Amino acid sequence: MGTKGKVIKCKAAIAWEAGKPLSIEEVEVAPPKAHEVRVQIIAAGLCRSDTHVINPKFEGAFLPVILGHEGAGIVESVGPGVTNVKPGDKVIPLYIPHCKKCKFCLSPLTNFCEKFCKGKNPLIEQELMEDKTSRFTCKGKSIYHFFGISAFSQYTVVKDVNLAKIDDDANLERVCLIGCGFSTGYGAAINTAKVTPGSTCAVFGLGGVGLSAVIGCKTAGASRIIAVDINSDKFAKAKALGATDCLNPRELNKPVQDVIVEMTNGGVDFAIDCAGGSEVMKATVDCTTVGWGSCTFVGVNVNDKGLTISPVELILGRTLRGSSFGGWDVDTVPKLVSDYKNGKFNLEALVTHTLPFEKINEALDLLKQGKSIRTILIY
Ligand code: PAD
Ligand code: ZN
């Protein structure tokens, strides 16, 4: 009895083509092979990064694909050689694996793993399983995995090195956000920028990632947190989470960085870009103080050329860093789940909508229209 070793037929949201709505289809999910785990997804969030892949301007997408990289679920079955999880365990799949053997995993300086990406496109290496085949079939066609996770399927197959085992009593409808948005912003402030008590901070972009960066700055003890967004509807929540000032660049008569510099006697100590794009990147650099201004880049805009920077801006003492998944990995995520349970931070504030999984296109529209922070999809 049971489903172990058998193909599971279930519903998944398939992106057949860029620029088109996702399509809810019946898919066949093959059993896990060696060092793979089949996971029943219980809840998932929708992150801006999912939408990049189906943006017609995005180069390097693997289609058709099952997107989703911010989910939580329960292990259904494991393939040969899996020792870190067993059927029934609650897990969060992470798009950054942790093989614990490569030069990156062995270094305390990064949360990367050599299995994470090859070259410039972080989707390569994670679009298929280790044997270069997919576990998903729909209408006789093989469907690509996404970021090693593909959470927009009722069942998915993930490599064991991509799984964080979490507490049995974890609330999956909330801790799914630890799979990307929350951890990314919070970790950018805490782990990458290493925001210090009493410091001044600026956070650009107040989506799920940026608001989590605000939570991180507040937790780290920042005395002033300036939150910036072109959508003023985001300000009430930012203030509730700890922002002391909110600025809308479209309502100012000079560049937002100039306003921040004036407000802070020469610029903030820490700036975090959670929106992306060359304009925001430049504002992120320009709003920090000379001497020690720290700039952390998280946001990504499809097809954007990025930043041109003069050496003088760096010679004057600024530092620039990028942050992936906030510096966390499969070993540190379980602790975040316990921290949430113990009330160290608030995930409720990030949840604006809850929808059945089948309504995923509605969730996509809400995100694109700037009406949601996170929609939780219930499977
Ligand atoms: P979101 O769309 O919910 O939030 C982005 C926010 O930025 C919105 O509130 C926008 O109104 C705002 N915004 C847009 N343009 C500007 C601008 N010029 N100035 C100020 N604010 C602006 O997205 P999200 O919070 O899910 O993700 C944010 C970014 O982070 C996005 O680019 C995503 O791809 C990236 C991301 N990076 C990682 C990583 O590990 N580096 C992980 C997850 C997401
Ligand atoms: Zn994400």
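Chains are numbered independently. Their residues run from 1 in the order of the written sequence. To read the labels, note that chains go from A and ligands from 1, taken in the order they are written. Totals for whole chains, interfaces and linings use every residue, but because this is a predicted model, local features are given only for residues with pLDDT of at least 70 and side-chain atom pairs only at 80 or more, for both listing and counting. To obtain the side-chain values, all non-hydrogen atoms of the structure were used and water was disregarded.

Asks: So what about the packing of aromatic side chains? Which residues, and what values?
Replies: Stacked, tilted and edge-to-face are the three classes assigned to paired rings of Phe, Tyr and Trp, where Trp is represented by its six-membered ring and a pair needs centres within 6.5 Å; plane angles under 30 degrees give stacked, over 60 edge-to-face, the rest tilted. The tally for this structure, following the rule as stated, stands at twelve aromatic pairs. Aromatic pair phenylalanine 112 and phenylalanine 116: ring centres 5.1 Å apart, planes at 75°, arrangement edge-to-face. Exposure categories follow from relative accessible area, calculated using a 1.4 Å probe and restricted to protein chains: below 20% of the type maximum is buried, above 50% is exposed, and the middle band is partly exposed. Accessibility expressed as a relative area gives 26% for phenylalanine 112, which makes it partly exposed. A relative accessible area of 4% means that phenylalanine 116 is categorised as buried. Note on phenylalanine 357 and tyrosine 379: the rings are 4.3 Å apart at their centroids and 15° apart in plane angle, and the pair reads as stacked.

Asks: Describe the packing of helix H3 (residues 181-193) against helix H4 (residues 208-219), listing the residues and the values that go with them.
Replies: Packed helices, taken two at a time, are described by the angle their axes make and the gap between the axes. Running from amino to carboxyl end, H3 crosses H4 at an angle of 40°, the nearest separation of the two axes being 7 Å. The orientation of H3 with respect to H4, classified from their angle, is oblique. Our pair here, H3 against H4, has a crossing hand that is right-handed. For the pair H3 and H4, contact is made by Gly181, Phe182, Thr184, Gly185, Tyr186, Ala189 and Ile190 and by Gly208, Val209, Ser212, Ala213, Ile215, Gly216, Cys217 and Thr219, respectively. Residue classes in the contact of H3 with H4 are distributed as eight nonpolar, seven polar and no charged. Axis lines are fitted through C-alpha atoms, for helices just across the contact stretch, and the angle between N-to-C directions can take any value from 0 to 180 degrees. Secondary structure elements follow DSSP: runs of H or I no shorter than four residues count as helices, runs of E no shorter than two count as strands, and numbering proceeds from the N terminus. Just so you know how the angles are binned, under 35 degrees is roughly parallel, over 145 roughly antiparallel, 65 to 115 roughly perpendicular, and the rest oblique. The sense of a crossing depends on the near helix, which, turned anticlockwise from the far helix by less than a right angle, makes the crossing left-handed and, turned clockwise, makes it right-handed. By the convention used here, residues are in contact when the closest approach between their heavy atoms is within 4.5 Å. Each residue is assigned to one class: nonpolar for Ala, Val, Leu, Ile, Met, Phe, Trp, Tyr, Cys and Pro, charged for Asp, Glu, Lys and Arg, and polar for all the others, Gly among them.

Asks: How would you explain the pattern of salt bridges if you had to name every residue and give the values?
Replies: We count a salt bridge whenever a side-chain nitrogen from Lys or Arg sits within 4 Å of a carboxyl oxygen from Asp or Glu. Summed over the entire model, instances satisfying the criterion amount to 20 salt bridges. Measuring nitrogen to oxygen at the nearest pair gives 3.2 Å for the salt bridge that ties glutamate 17 to lysine 20. Residue classification places glutamate 17 among the partly exposed positions, given a relative accessible area of 44%. Classification of lysine 20 by relative accessible area gives partly exposed; the value is 43%. When the shortest N-O distance is used, the salt bridge between aspartate 286 and lysine 282 registers 2.8 Å. With aspartate 286 and lysine 282 both in helix H7 (residues 278-286) and four residues apart, the pair spans about one turn of that helix. For lysine 282, a relative accessible area of 41% corresponds to the partly exposed category. Connected through shared salt-bridge partners, Lys33, Glu36, Asp131 and Arg135 make up one network.

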